[in-house]
Amino acid sequence: MNLSTQTKALALLLSVGLFAGCSTTGETMDEGGAGTGSDVSAIDQEGGSTVYGGGDEGGVSSSGLTDEEKQAAEEQAKQAALREITTFYFDFDTSEIKPEAREVLVAHAKYLASHPQQDVRLEGHADERGTKEYNLALGERRANAVKRFLIVNGASRGQIETVSYGEEKPAVMGSNESAWAQNRRVELVFK
């Protein structure tokens, strides 16, 4: 797993942890402690917080969220974190989408389906091995494979443009397996 993927995975875990945080700290306040006489209520002993200007006229309460709403918020955060990943890597001389990329691409497809005004350009790339013409064709096959996957999972054809750069725009300079692996990719560029 390269550093960028590790960073994105960490961001996903942190965003999920944000929603799974504890609603109370376990500390208690003395009767004469801070908060007495205040017109702002910030503590709800029932398991959440209510914030409002005082009295019982209402407010925003985290304890008012249903389990379904909490689960939906967590899922939305997870999908947003997945969409932060916009580069997908391929094995040597193939345009087959790797299994670990599928969940992320599904998140992108769902996003495109729910935002029909959003367009994306799929940029196909190859490593330096092979002829210039072959690598342009391979980059195009990779971009088209991602395009088909997005369409099957809900995106519209009209939202997607494909382009192949072949070996012309390497992400990493070098003539070794590590550099080649990082150059065999499709990048999603949202417009």
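Residues numbered from 1 in each chain as written. Predicted model: local features only at pLDDT ≥ 70, side-chain atom pairs only at ≥ 80, totals over all residues. Heavy atoms only, no water.

### Some thoughts on the confidence of the model for the protein chain
Part 1 of the argument: This prediction gives the protein chain a mean pLDDT of 77; 66% of its residues lie at or above 70.
Part 2 of the argument: Scored below 50 in pLDDT, residues 16–20 makes three contacts in the model with residues more than four places away or belonging to other chains.
Part 3 of the argument: Throughout residues 22–55 the model reports pLDDT below 50, and contacts reaching past four residues in sequence, or to other chains, amount to 33 contacts. (pLDDT = per-residue confidence, 0-100. Contact = heavy atoms within 4.5 Å.)

### Here we look at the packing of aromatic side chains
Part 1 of the argument: Per the counting criterion, the structure on display carries one aromatic pair.
Part 2 of the argument: Note on tyrosine 111 and phenylalanine 190: the rings are 6.2 Å apart at their centroids and 85° apart in plane angle, and the pair reads as edge-to-face. Of this pair, tyrosine 111 sits in helix 3 (residues 99–114) while phenylalanine 190 is found in strand 6 (residues 185–190), placing the two residues 79 residues apart along the sequence.
Part 3 of the argument: The class of phenylalanine 190 is partly exposed, set by a relative accessible area of 30%.
Part 4 of the argument: Stacked on the ring of tyrosine 165, the Lys or Arg lysine 169 has its end atom at 4.2 Å from the ring centre. (Phe/Tyr/Trp six-rings, centres within 6.5 Å; stacked < 30°, edge-to-face > 60°. Helix = DSSP H or I, 4+ residues; strand = E, 2+ residues; numbered from the N terminus. Buried < 20%, exposed > 50% of the residue type's maximum accessible area, 1.4 Å probe, protein only. Lys NZ or Arg CZ within 6 Å of the ring centre and 35° of its normal.)

### Observations concerning the environment of alanine 179
Part 1 of the argument: Along the chain, the position of alanine 179 falls in helix 5 (residues 177–183).
Part 2 of the argument: When sequence neighbours within four positions are dropped, the list of residues in contact with alanine 179 reads Val172, Met173 and Gly174.

### A short note on the pattern of salt bridges
Part 1 of the argument: This model, assessed by the stated rule, comprises eight salt bridges.
Part 2 of the argument: The closest approach of N and O atoms between glutamate 123 and arginine 121, which form a salt bridge, is 2.8 Å.
Part 3 of the argument: The class of arginine 121 is partly exposed, set by a relative accessible area of 22%.
Part 4 of the argument: The closest approach of N and O atoms between arginine 129 and aspartate 127, which form a salt bridge, is 2.9 Å.
Part 5 of the argument: Here arginine 129 falls in the partly exposed class, since its relative accessible area comes to 26%.
Part 6 of the argument: The network of salt bridges with shared partners includes Asp127, Arg129, Glu177 and Arg184. (Salt bridge = Lys/Arg side-chain N within 4 Å of Asp/Glu carboxyl O.)

### Points about the side chain of arginine 184
Part 1 of the argument: Note that arginine 184 resides in the loop between helix 5 and strand 6.
Part 2 of the argument: We classify arginine 184 as buried; its relative accessible area is 5%.
Part 3 of the argument: Beyond its immediate chain neighbours, meaning those up to four positions away, arginine 184 contacts Phe88, Tyr89, Phe90, Asp91, Phe92, His125, Ala126, Asp127, Arg129, Arg142 and Glu177.

### A closer look at the packing of helix 3 against helix 4 (residues 132–152)
Part 1 of the argument: Taken N-terminus to C-terminus, the directions of helix 3 and helix 4 make an angle of 60°; their axes are 8 Å apart at the nearest point. One way to sum up the angle between helix 3 and helix 4 is to call them oblique. In this structure, helix 3 crosses over helix 4, and the sense of that crossing is right-handed. Packed against helix 3, whose contacting residues are Arg102, Leu105, Val106, His108, Ala109 and Leu112, the element helix 4 presents Val146, Phe149 and Leu150 at the interface. (Axes fitted to C-alpha atoms, helices over the stretch in contact; angles between N-to-C directions. Parallel < 35°, antiparallel > 145°, perpendicular 65-115°, else oblique. Left-handed = near helix turned anticlockwise from the far one by under 90°.)

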